[in-house]
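Analysis of the macromolecular model
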Amino acid sequence: MTESIDKSKRKQFGNRFLKTDDDVFKHNAWDNVEWDEAQETEALSQVGVHMKSKMPSEKAADLENNADEYWNKFYSIHQEKFFKNRCWLFTEFPEITSLKNEKSSSILEVGCGVGNSVFPILSHCVDNNVHVYCCDFSSNAIKILKENSEYNEEHCTAFVCDITNDEWNPPFALESLDVILLVFVLSAIQPEKLKHVVGKFYQYLKPGGMVLFRDYGRYDMAQLRFKEGRCISENYYSRGDGTLVYFFTQDDVQKLFLEAGFEQVQNIVDRRMQVNRGKQLKMYRVWIQCKYKKPIL
């Protein structure tokens, strides 16, 4: 069953509600903002427009076949300056900090980029027997991560990996991981390859291990802002820099993980209104957050 949102445990997110439209520009963000029928209709219409002006198949194939090159270019340009450290992880995913009491625990972050999740996790687990593995498609990202002064091979192992491949050749064994962290990463994978990828997660998790997932939801602001010619297929796009992104529904994620054999612990939609008070703009974000457990047989 889907887990309801426990407001008492979500100190960072989920506790600021917009009760009257007159208050909308008093804060930078509002949580659990419900959409009205007009917004839903407008979003559906916009996505329909995208589908009528899809990218030529030859161009889409080039983007997919050379995805690593586009991500390497992204990190060559932005280095470690594009994303902020994800300190919110410990509020949303307390399973990470609970590993402090475990013996010889291990975490894998897939799509680690330059370490915006890895280094906050390492700082929390520095005095504990927790090893953080992390991988990314981009060799440039892994190079930048390893050059960070906080990178310590005693507690962290970073490696390049295309998780859509049949063989990963990772530095850990099957059924050896306690947690797999997926933060805005599965959306960058071709939708038809996701079933295979989630099956690999199942193989490497220990029985009782957890997948922690957060990614783009259907009709997120980022989806609705796409221009003509950027849509590859339904809810699947190329950004201007050539990187790819898919926008999930709760049902999409549930189907992927349940069919792979996981048990559902949490599956929620995080709808948030972000506000630019200077420009008097309202921006609607939609994210999917899930937790899936490998059963103990």
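A brief structural summary.

What counts and how
Residues numbered from 1 in each chain as written. Predicted model: local features only at pLDDT ≥ 70, side-chain atom pairs only at ≥ 80, totals over all residues. Heavy atoms only, no water. Core = buried A, V, L, I, M, F, W, Y, C linked by side-chain atoms within 4.5 Å. Buried < 20%, exposed > 50% of the residue type's maximum accessible area, 1.4 Å probe, protein only. Helix = DSSP H or I, 4+ residues; strand = E, 2+ residues; numbered from the N terminus. Contact = heavy atoms within 4.5 Å. Lys, Arg positive; Asp, Glu negative; His and termini not counted. Salt bridge = Lys/Arg side-chain N within 4 Å of Asp/Glu carboxyl O. Phe/Tyr/Trp six-rings, centres within 6.5 Å; stacked < 30°, edge-to-face > 60°.

1. Here's the deal with the nonpolar core
Judged by nonpolar contacts, the single largest core of 39 residues is most densely connected at L108, L182, L186, F201 and F257. Here this core takes six residues from helix α7 (residues 194-204), the largest share from any one element. Apart from residues no more than four positions distant in its own chain, F257 is found in contact with L182, L186, V198, V211, F262 and Y292.

2. Notes on the side chain of K200
Mapped onto the elements of the fold, K200 is located in helix α7. Of the side chains with opposite charge, E167 lies nearest to the buried K200, which makes no salt bridge, at 5.0 Å. With sequence-adjacent residues up to four places away left out, K200 is seen in contact with N165, D166 and W168.

3. Quick look at the packing of aromatic side chains
In this structure the tally under the stated criterion is 20 aromatic pairs. With 5.2 Å between their ring centres and 10° between their planes, W168 and Y204 make a pair best called stacked. Here W168, found in the loop between β4 (156-160) and β5 (177-183), pairs with Y204, found in helix α7; they are 36 residues apart in sequence, far enough to count as distant. As far as the burial class goes, W168 and Y204 line up, both buried. Seen from their ring centres, F257 and F262 are 5.4 Å apart, and the 65° between their planes marks the pair as edge-to-face.

4. What to know about the pattern of salt bridges
A full pass over the atoms with the stated rule returns nine salt bridges. Across the pair E95 and K291 runs a salt bridge whose closest N-O atoms are separated by 3.0 Å. With E95 in the loop between α4 (89-92) and β2 (105-110) and K291 in strand β11 (residues 281-293), this residue pair connects regions lying 196 residues apart in the sequence. Of the two residues, E95 and K291, both sit in the buried class. Between D178 and K206 there is a salt bridge whose closest N-O contact spans 3.3 Å. Taken as a pair, D178 in strand β5 and K206 in strand β6 (residues 205-216) lie far apart in primary sequence, 28 residues in all. Of the residues examined, D178 reaches a relative accessible area of 16% and is grouped as buried.

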